[in-house]
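One-letter residues, chain by chain:
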Amino acid sequence: MKKFKFLMQTKHFNKLIILFLPGILIIQSCKKDQKTTEPEMVESEKESVVEIITENMDFQMSDTISSGWNTFRYKNLSPQTHFFLIDKYPEGKTSEDAEKVVGPVFDSAMKLIMEGKTEEGYAEFEKLPEWFGEVVFMGGSGLLSPNQVGETTLHLKPGKYIVECYVKMSNGVFHTSMGMTKDIEVTKNDSGHKELSADIDITVSSTEGIVFNDSISPGEHTFSVFFKDQIVHENFVGHDINLVRIDGNSDLKVLENWMNWADPKGLIEPAPQGFTFMGGVNDMPQGNKGYFTASLEPGTYALISEVPNASTKNMLKTFIVLND
């Protein structure tokens, strides 16, 4: 642990901190021949939705979407917990670069870490390409339990992006290594959608944690999530927002520990019992805002960020939805 803290304090390792998480998110973008759906938009009078479906280790969605505001309806039809995260790569870099250049580094590093050889594992990250630090997280959904549907609304500029999930298999292999990566293009054609109006506003920052009005009634709600700042935490990840329903007397410490992927047992399947993940908004740059909608029944819930020791950072907040 002392060695780990020393490494974090060095200039070189600070650079690795910035580089680390994107690689996990893009490890070996495989299944190039994987079936994808035809470009598809679900239309109704008042909305136009980009649908994403996961049945196994896949993202079934359109290859191209309009720029501007879009609502992503993510249907997790698989037996495992997932999320989607949208990354902006440096120009000219694609999932092929992730597979052939970045993937082997993270494969070897994570294998060593899972074997308890932490120092040797972190040393592997020095082999990452220099352009790797330019990857930017542009948002996505929060974690979503099996058979759950989440809606997240984001604003994207034209360009090429990668969609991915880095939850871990029971053997510690990241879902990205199992093919949960997809290239998409955001076109110059603006969607024409307006920014949503939320009835519950959330602010998240490294100094104040998660701040919101926790007096929430049953029914459908639209949450706004404003990233007052964004930093890289000890596990090399920025803060995000995940909505979780808590069953019975489930131990919140179990949830908190599981949310830290850097723990060998963190973000690994199976997800802890007693918690249902209902979506949210994934990492975004400072000053950005995303939205998510959720239908809440009476019960106990939590908003939690994917950072180590979330409760001590005010990034684990519980609330109770009462009957009207």
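Preceding block: the structure.
Reading the values: the criteria
- Residue numbering note: each chain is counted from 1, following its sequence as written.
- Per-residue local features of the predicted model are confined to residues with pLDDT of at least 70, and side-chain atom pairs are confined, for both listing and counting, to 80 or more; whole-chain, interface and lining totals are unaffected and use all residues.
- Heavy atoms from the whole structure form the basis of all side-chain values; hydrogens and water molecules are not counted.
- Secondary structure elements are defined from DSSP: runs of H or I of at least 4 residues count as helices, runs of E of at least 2 residues count as strands, and each element is numbered from the N terminus.
- For every residue, the accessible area (1.4 Å probe, protein chains only) is compared with the maximum for its type, and the residue is labelled buried under 20%, exposed over 50%, or partly exposed between those bounds.
- Whether two residues are in contact is decided by their heavy atoms: any pair within 4.5 Å suffices.
- We get accessible surface area from the Shrake-Rupley algorithm with a probe of 1.4 Å; when it comes to residues, only the shown protein chains can shield them.
- Think of a salt bridge as a Lys or Arg side-chain nitrogen and an Asp or Glu carboxyl oxygen that are within 4 Å of each other.
- Strand pairing is assigned whenever DSSP detects at least two bridges linking the two strands.
- Between the N-to-C directions of two axes lies an angle of 0 to 180 degrees, each axis being a line fitted to C-alpha atoms and, for a helix, fitted only over the stretch in contact.
- Each Phe, Tyr or Trp ring, with Trp reduced to its six-membered ring, pairs with another whose centre is within 6.5 Å; inter-plane angles below 30 degrees give stacked pairs, above 60 give edge-to-face pairs, and intermediate values give tilted ones.

A. Layout of the overall build of the protein chain. Of regular secondary structure, the protein chain possesses five helices and 16 strands. The buried share of the protein chain, taken over its 324 residues, is 54%. Across the protein chain, every contact between residues at least 6 apart in sequence was considered, and the portion connecting residues at least 24 apart equals 74%. Total accessible area on the protein chain is roughly 14,500 Å²; 49% of this is exposed by carbon and sulfur atoms.

B. The pattern of salt bridges, seen in detail. Within the structure shown, the criterion is met by 10 salt bridges. The residue K111 makes a salt bridge to E115 at a minimum N-O spacing of 2.6 Å. The closest approach of N and O atoms between K127 and E124, which form a salt bridge, is 3.3 Å. You can call K127 exposed: its relative accessible area is 55%. Taking the relative accessible area as the measure of exposure, E124 reaches 14% and is therefore buried.

C. Spotlight on the sheet that holds strand β13 (residues 275-281). Spatial strand order, β13-β12-β15-β16: four strands in an open sheet with antiparallel pairing. Two strands bound the open sheet, and with one partner strand each, they are β13 and β16 (316-321). On average, each strand axis in the sheet is inclined to that of its neighbour by 25°, with strand direction left out of account. As paired strands, strand β12 (residues 241-246) and strand β15 (residues 299-304) are joined by five bridges and run antiparallel to one another. From the neighbouring strand, N242 faces β15, where its bridge partner is I304.

D. Representation of unusual backbone geometry within the structure. Cis geometry is adopted by the peptide bond preceding P270, which originates at E269 and carries an omega value of 0°. Mapped onto the fold, P270 is located in the loop between α5 (252-258) and β13. Here the phi dihedral of N147 falls at roughly 65°; this positive angle occurs in a residue that is not glycine. Positionally, N147 belongs in the loop between β5 (136-140) and β6 (149-156). A positive phi is found at L267, a non-glycine position, where the angle reads about 50°. Among the structural elements, L267 can be located in the loop between α5 and β13.

E. Looking closely at the packing of aromatic side chains. Here the structure, examined in full by the defined rule, presents 13 aromatic pairs. Judged by centre distance (5.6 Å) and plane angle (85°), the ring pair of Y74 and F84 falls under edge-to-face. Pair noted here: Y74 is in strand β3 (residues 64-76) and F84 is in the loop between β3 and β4 (85-88), with a separation of 10 residues, a long-range link. Assigned by exposure class, Y74 and F84 land together as buried. On the numbers, 4.8 Å between centres and 75° between planes, the contact of F83 with Y166 is edge-to-face. Of this pair, F83 sits in the loop between β3 and β4 while Y166 is found in the loop between β7 (159-164) and β8 (181-190), placing the two residues 83 residues apart along the sequence. A relative accessible area of 1% places F83 in the buried class. Residue Y166 is classed as buried on the basis of its relative accessible area, which comes to 0%.

F. Examining the environment of P158 more closely. In this structure, P158 sits in the loop between β6 and β7. For P158 and T187, which are 29 residues apart along the polypeptide, the C-alpha to C-alpha distance reads 5.1 Å. In this view, P158 contacts S67, V186, T187 and K188; residues no more than four positions away in its chain are not counted.

G. View of the pairing of strand β14 (residues 289-296). Among the eight residues that make up β14, six are buried, leaving the element largely enclosed by the rest of the structure. With three bridges joining them, β6 and β14 adopt antiparallel strand pairing. Along β14, the bridge assignment pairs T152 with F292. As paired elements, strand β11 (residues 219-227) and β14 share eight bridges and run antiparallel to each other. Along β14, the bridge assignment pairs F226 with K289.

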